[in-house]
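# Close look at the chain arrangement
Below, each chain spelled out in residue letters.
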Amino acid sequence: MLIREAGSTVHYPKGHIIFATGDISDRVYLIESGWVKIYRLSADGRRVTVGSIRSPGEMMGLAETLAGAERTCFAGAINDVSMVVMTKSKFEELMAQHSMLAIKVAKLLGARMREAEAIIHEMVCWQAPGRLAMMLIKMGERMGVQSKGGIKINLQLTHEEIANMVGTSRQTVTSLLNTFKQEKSIVYEGRAIRIINPDKLAKWVI
């Protein structure tokens, strides 16, 4: 891929802040391995996840870099992350030379906008059980490992981190996950979650 050839590979450990609110947006990132969460800080200091978790093969930092605006979010490494980093000037030069790259970026930004609109809809229209169930289903589809025993989500997120992703409290997430477990929709495997009955879990999404 063009970006891999023209960029530089960097590695970030779990928990590292890759960029922060107020930073100059002067580079774009292509995730090679690992997972990254995009979040903002609320007035009371809570980390509120915005957008989806970024996964291997995805680009991030695009919109603000291309707009020449300061970062409005934080990007944090969920686990050890390897990325290709490219400066804004080099990236714009590549897009000018390769129209297919520019089209791909436009499609990606369009998809991200639709994704943001869907998240707003979920927050406004769905109760916490539906939001949590949908988040687990989406994570299972995007990063789950399929086996005879179900779909294993091995990100090992804390209940606090999950709460930040679905806009509720840690106590509510703990209670709902226990409910999902009791109804045999999911099982715990250490900090990992395995979805064993996605159809039953999907019934919460109303």
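See the structure printed just above.
Notes on the structure in this doc start here. (Residues numbered from 1 in each chain as written. Predicted model: local features only at pLDDT ≥ 70, side-chain atom pairs only at ≥ 80, totals over all residues. Heavy atoms only, no water.)

At their nearest, the axes of helix α5 (residues 128-143) and helix α7 (residues 170-182) sit 10 Å apart, and the two run at 70 degrees to each other. With respect to α7, the axis of α5 lies roughly perpendicular. Where α5 crosses over α7, the two elements pack in a sense that is right-handed. On the side of α5, the interface is formed by A128, P129, L132, A133 and L136, while α7 contributes T172, V173, L176, L177 and F180. When grouped by side-chain class, the residues that make up the contact of α5 with α7 number 9 nonpolar, 1 polar and no charged. (Axes fitted to C-alpha atoms, helices over the stretch in contact; angles between N-to-C directions. Helix = DSSP H or I, 4+ residues; strand = E, 2+ residues; numbered from the N terminus. Parallel < 35°, antiparallel > 145°, perpendicular 65-115°, else oblique. Left-handed = near helix turned anticlockwise from the far one by under 90°. Contact = heavy atoms within 4.5 Å. Nonpolar A, V, L, I, M, F, W, Y, C, P; charged D, E, K, R; others polar.)

The next thing to look at is the packing of aromatic side chains. This structure, assessed with the given rule, holds 3 aromatic pairs. Measuring from ring centre to ring centre gives 5.3 Å for Y39 and F74, while their planes differ by 10 degrees; the resulting arrangement is stacked. Here F74 lies in strand β7 (residues 74-77) and Y39 lies in strand β4 (residues 36-41), a separation of 35 residues in the sequence. You'll find Y39 and F74 in the same group, each marked buried. Taking NZ or CZ as reference, K37 lies 5.8 Å from the ring centre of Y39, over its face. Across from the ring centre of F19, 4.3 Å away, lies the NZ or CZ of R71, which sits over that ring. (Phe/Tyr/Trp six-rings, centres within 6.5 Å; stacked < 30°, edge-to-face > 60°. Buried < 20%, exposed > 50% of the residue type's maximum accessible area, 1.4 Å probe, protein only. Lys NZ or Arg CZ within 6 Å of the ring centre and 35° of its normal.)

What follows concerns α7. Taking 1.5 Å per residue, 13 residues should reach 18 Å; α7 reaches 18 Å between its end C-alpha atoms and fits that length. Of the residues making up α7, those classed as buried are V173, L176, L177 and F180. Each buried residue of α7 sits inside an arc of 100 degrees when the element is viewed along its axis, so together they form one side. Exposed and oriented more than 90 degrees from the buried face of α7 are Q171 and Q182. Buried-residue contacts for α7 involve α5, α6 (159-166), β11 (186-189), β12 (192-195) and α8 (198-202). (Expected span 1.5 Å × (residues − 1). Arc of directions from axis to C-beta.)

A few words on the environment of M86. Looking at where M86 falls in the secondary structure, it is placed in strand β8 (residues 81-87). Sequence separation of M86 and R27 is 59 residues, and the distance between their C-alpha atoms is 5.4 Å. Not counting chain neighbours up to four residues away, the residues in contact with M86 comprise L2, I3, A6, G7, D26, R27, V28, F91 and L94.

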